[in-house]
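Chain residues, written in single-letter form:
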Amino acid sequence: LPLLLEATLLQLASGSYHPFYNGFYYNHIMNDKGNGQEKVVSFNGAKLVVETPKDPVYSSSSANVTLPCHYHYEPDLEAKRKIRIKWSKLRDDYTKEQDVLVAIGKTYLAFGDFRGRAHLHQTGRREASLVISDVRLQDDGKYRCEVIDGLEDESDVVDLRLQGIVFPYQPPRGQYRLNFHEAEQVCQEQGAILATFNQLFQAWSEGLDWCNAGWLADGTVQYPIRQPRKPCGGLHLAPGIRSYGPRHRHLHRFDAFCFSSALKGEVFYLDRPAGMTLEEAKQSCQDVGAEITRVGQLYSAWKFLGLDRCDAGWLADGSIRYPIVKPRANCGPAEPGVRSFGFPSKGRFGVFCYKER
């Protein structure tokens, strides 16, 4: 029986299941060709309605989140129905949806990265809400809640948004050196992922202005401009997101826009009177039970934890940076931000360390 049930759930996930009789009746009429073949054109009985929140659901990395979904019938049906539920994640590049979970009654099967992290929340009557535990950066996006009652199949979409920050990234070897796959890798190395267009747009609306073009998660190359200027598309263009459109993921090279969310731990600064080399800095963090901070972690600590330090320090990628929440004399420009001294080949500095709580 368990094997049979799992096979049924897998068929449901792939969309190749066979409908079962559930007490509803359908009208059949001749098709337009008049060749005697029948097709379903109307449903006599109750209408199945699926409802999800119209506003986005917000969460952060490592948290637990519930994506609400409820269904009902018009007019209402008191009898208990034999319902199937399917959750899918819509991909940013509009390719095939990613299966998240399928369920019949209280038995469910989760897929891929959601295995062990996703389950149904069904405390209320006719509830099909999805619970995702230990939320990851990749979980950000739109989810489809689909309810299947025999031949009736209705769905609605929930938008899950992670509270995070978008930051531009160049590797040590300089500007426009990353193809798409290398951009994905460098973001992951810095505790982040490639940003989506929605995340970049949100960052632009909050003030991000950056003239270098970078990869996004859908394979397009874009950049955000708040103040139009000649080197950044020209003075005649309005503020907005400039787009190069989709680029060749292997041949074309640009920078990257990375996305990082809130932290589980803390970022702190260590120093010695004579400063440290990069290798000494890494060892100093290890000596206090921490690790050298990655770029995404420093940006997150700056935005979400209010980290403000006017001392430059090493990060894991070999760069020297420092975060400023309250601009002041001798601490860089008049705007808040994460300052960068690039990737020095030599020199002695302090270090930013990261330690999980």
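Definitions and cut-offs
Residues numbered from 1 in each chain as written. Predicted model: local features only at pLDDT ≥ 70, side-chain atom pairs only at ≥ 80, totals over all residues. Heavy atoms only, no water. Core = buried A, V, L, I, M, F, W, Y, C linked by side-chain atoms within 4.5 Å. Buried < 20%, exposed > 50% of the residue type's maximum accessible area, 1.4 Å probe, protein only. Contact = heavy atoms within 4.5 Å. Phe/Tyr/Trp six-rings, centres within 6.5 Å; stacked < 30°, edge-to-face > 60°. Helix = DSSP H or I, 4+ residues; strand = E, 2+ residues; numbered from the N terminus. Salt bridge = Lys/Arg side-chain N within 4 Å of Asp/Glu carboxyl O. Pairing = 2+ DSSP bridges. Axes fitted to C-alpha atoms, helices over the stretch in contact; angles between N-to-C directions.

Participant: Looking at this structure, I do not really get the nonpolar core. What am I missing?
Facilitator: The tendency in soluble globular proteins is for nonpolar side chains to be buried side by side. Grouped together as the largest cluster of nonpolar side chains are 86 residues, with contacts concentrated most on Leu67, Trp87, Leu130 and Tyr143. Residues in contact with tyrosine 143, not counting those within four places in the same chain, are Leu67, Trp87, Ser88, Lys89, Val100, Phe114, Leu130, Ile132, Asp156, Val157, Val158 and Leu160.

Participant: How do you make sense of the packing of aromatic side chains when you look at a structure like this?
Facilitator: To describe a pair of aromatic rings, one takes the distance between the centres and the angle between the planes. Counted by the stated rule, this structure contains 13 aromatic pairs. Between tyrosine 322 and phenylalanine 341 the ring centres are 5.7 Å apart and the planes differ by 55°, which places this aromatic pair in the tilted class. Residue tyrosine 322 is found in strand 23 (residues 320–324), and its partner phenylalanine 341 is found in the loop between strand 24 (337–340) and strand 25 (350–356); the two are separated by 19 residues along the sequence. Here a set of aromatic residues connected by ring pairs shows up, and it is made of Tyr176, Phe180, Trp215, Tyr223, Tyr244 and Phe254.

Participant: Help me understand the environment of isoleucine 292 in this model?
Facilitator: As for its position among the elements, isoleucine 292 is in strand 21 (residues 291–292). Between the C-alpha atoms of isoleucine 292 and lysine 355, which are 63 residues apart in sequence, the distance is 8.8 Å. Once residues lying within four places of it in the same chain are set aside, the contact partners of isoleucine 292 are Leu278, Lys282, Cys285, Gln297, Trp314, Leu315, Ala316, Val351, Phe352 and Cys353.

Participant: I keep staring at the pattern of salt bridges and nothing clicks. Help me out?
Facilitator: Close approach of charged atoms lets side chains of opposite charge pair. Under the defined criterion, the tally for this structure stands at 17 salt bridges. Taking the shortest distance from any N to any O, the salt bridge between aspartate 139 and arginine 117 comes out at 2.9 Å. With aspartate 139 in the loop between strand 11 (129–132) and strand 12 (141–149) and arginine 117 in the loop between strand 9 (107–110) and strand 10 (118–121), the pair connects residues that are 22 residues apart, well separated along the chain. Across the pair, exposure class does not vary: aspartate 139 and arginine 117 are buried alike.

Participant: In this structure, what is going on with the pairing of strand 23? I would like to understand it.
Facilitator: For a regular strand, side-chain orientation follows a simple rule: the groups alternate between the two sheet faces. Counting buried positions over the 5 residues of strand 23 gives 5, a clear majority of the element. The alternating pattern of strand 23 places Ile320, Tyr322 and Ile324 on one face and Arg321 and Pro323 on the opposite face, and all of these are buried. Inspection of the sheet shows strand 22 (residues 313–314) paired to strand 23 by 2 bridges, in the antiparallel sense. In the sheet register, tryptophan 314 faces strand 23, and the bridge partner there is isoleucine 320. Following strand 22, the chain reverses through 5 residues before pairing antiparallel with strand 23; glycine 318 in that reversal takes a positive phi of roughly 90°. The pairing of strand 23 with strand 24 spans 4 bridges and is antiparallel. Directly across from tyrosine 322, in strand 24, lies its bridge partner arginine 339.

Participant: Just checking my understanding: could you explain the sheet that holds strand 5 (residues 65–67) for this structure?
Facilitator: Adjacent strands of a sheet pair through backbone hydrogen bonds, lying either parallel or antiparallel. Overall, antiparallel pairing links the 3 strands, which are arranged 5-11-10 in an open sheet. Only two strands of the sheet have a single neighbouring strand rather than two, namely strand 5 and strand 10. Recorded for the sheet is a direction-independent mean angle of 30° between the axes of neighbouring strands. Two elements, strand 5 and strand 11, share 3 bridges in a ladder whose sense is antiparallel.

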